[in-house]
Amino acid sequence: MNCEKFMLTHSSEPLEINEEAKQHLKNCHHCTQFVADLQTINNHLTSTLEVPVPDDLAETMKKVSNGRE
Amino acid sequence: MSEKKKEFSKEFSELVTQYSGLLYRYAFWLTGKNESAQDVVQETFLRAWQSFGSLKKKESAKSWLITILRHENARRFAKKQLQRVDLEVENLEGVNTEEDNRAEAFWLRHAIDHMSDTYSEPLVLQVLCGFTCNEIADILNITPEAVMTRLYRARKQLREQLSSKRSQPTNRGMS
């Protein structure tokens, strides 16, 4: 596996690192840094996108849906 | 109400309980506003209720709802599809407590907002909704290979901007 293939694969499925990818990581500082950076980005992405949901949202949606029956 | 209809209604109610939060967050990302997000989610569930009988597999419910939400949002903002507005600042309160994390979270939101939808939407569908490449491909009606490429380019852009940001001097500690 080369760096280009590793980065493409890891970017599309960051939670899955197969054996081939692990072997590549052992010998590639560049891709190790790439993984660390992506981890940081993913963590921030998650916290950025997970905005608070209004407490009564589900109940409101159920009432609205029931009202249209 | 007949038993069959009661069961139908119960199943839909469970769907609402399970996915309303996810749909709200996705809608919030699309619209950038609490009220608009709630409106889009409401329209989504109304539309979903009307065609609930067409949902063949419960396992497909999440992607089915997201697809409906995308259509509802596109319909609602016919000429401004997927165009987002700046995030309401108060909605990020409490997301992160550490100053550095909050600063990077704001920066990241800004970076995503200024990224082409072509790249940002697959990323949000993966990170927020947890979809696989194949599921994203179905939702966006593109090939899984195209999804992989877009996810790669999206993260590459963010990584480059992150590197650039980190190399910039900060004003911290200056009076």
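These numbers come from a predicted model, not from an experiment. (Residues numbered from 1 in each chain as written. Chains lettered and ligands numbered in written order. Predicted model: local features only at pLDDT ≥ 70, side-chain atom pairs only at ≥ 80, totals over all residues. Heavy atoms only, no water.)

Draft legend 1. Seen up close, the overall build of chain A. Helix and strand counts for chain A stand at four helices and zero strands. Start at the N end of chain A and walk to the C end: the helices and strands fall as α-α-α-α. In summary, chain A has a C-alpha radius of gyration of 20 Å against a globular reference of 11 Å for 69 residues, an excess of more than 25%. Its C-alpha atoms put chain A at 60 × 25 × 15 Å along the principal axes. Among the 69 residues that make up chain A, the fraction classed as buried is 42%. Taken as a whole, chain A presents about 4,000 Å² of accessible surface, with 50% of it coming from carbon and sulfur. (Helix = DSSP H or I, 4+ residues; strand = E, 2+ residues; numbered from the N terminus. Rg over C-alpha atoms; globule rule 2.2 N^0.38 Å. Buried < 20%, exposed > 50% of the residue type's maximum accessible area, 1.4 Å probe, protein only. Areas by Shrake-Rupley, 256 points an atom, 1.4 Å probe, with all protein chains shown as cover.)

Draft legend 2. Here's a closer look at the overall build of chain B. When helices and strands are tallied, chain B shows seven helices and zero strands. Listing the helices and strands of chain B from first to last along the sequence gives α-α-α-α-α-α-α. Across the 175 residues in chain B, those meeting the buried criterion constitute 45%. A sequence separation of at least 24 residues applies to 71% of the contacts in chain B between residues at least 6 apart. Per element, the accessible surface of chain B, about 9,700 Å² overall, is 46% carbon and sulfur. (Contact = heavy atoms within 4.5 Å.)

Draft legend 3. Examining the nonpolar core more closely. If you look at the biggest cluster of nonpolar residues, it comprises 56 residues, and the most contacted ones within it are A:Leu45, B:Tyr26, B:Leu125 and B:Leu158. Looking at which element gives the most residues to this core, the answer is helix H1 (residues 3–31) of chain B, with twelve residues. Counting residues in each nonpolar core, the second largest holds ten residues, with A:Met7, A:Cys31, A:Val35 and A:Leu38 among its members. (Core = buried A, V, L, I, M, F, W, Y, C linked by side-chain atoms within 4.5 Å.)

Draft legend 4. Quick peek at the packing of aromatic side chains. Residue and element names in this part refer to chain B. Tallying each qualifying case throughout the model produces six aromatic pairs over all chains. On the numbers, 5.2 Å between centres and 75 degrees between planes, the contact of Phe12 with Phe52 is edge-to-face. A residue pair is termed long-range when its members are at least 10 positions apart, and Phe12 in helix H1 and Phe52 in the loop between helix H2 (34–50) and helix H3 (61–76) qualify at 40 residues. Of the two residues examined, Phe12 and Phe52, each falls in the buried class. Aromatic pair Phe52 and Trp64: ring centres 6.4 Å apart, planes at 40 degrees, arrangement tilted. One end of the pair, Phe52, is in the loop between H2 and H3; the other, Trp64, is in helix H3, and twelve residues separate them in sequence. Take Phe52: its relative accessible area is 7%, and that puts it in the buried class. Under the relative-accessibility criterion, Trp64 is labelled buried at 16%. Three or more aromatic residues joined by ring pairs form one cluster here, namely Phe12, Phe45, Trp49, Phe52 and Trp64. Stacked on the ring of Phe131, the Lys or Arg Lys62 has its end atom at 4.8 Å from the ring centre. (Phe/Tyr/Trp six-rings, centres within 6.5 Å; stacked < 30°, edge-to-face > 60°. Lys NZ or Arg CZ within 6 Å of the ring centre and 35° of its normal.)

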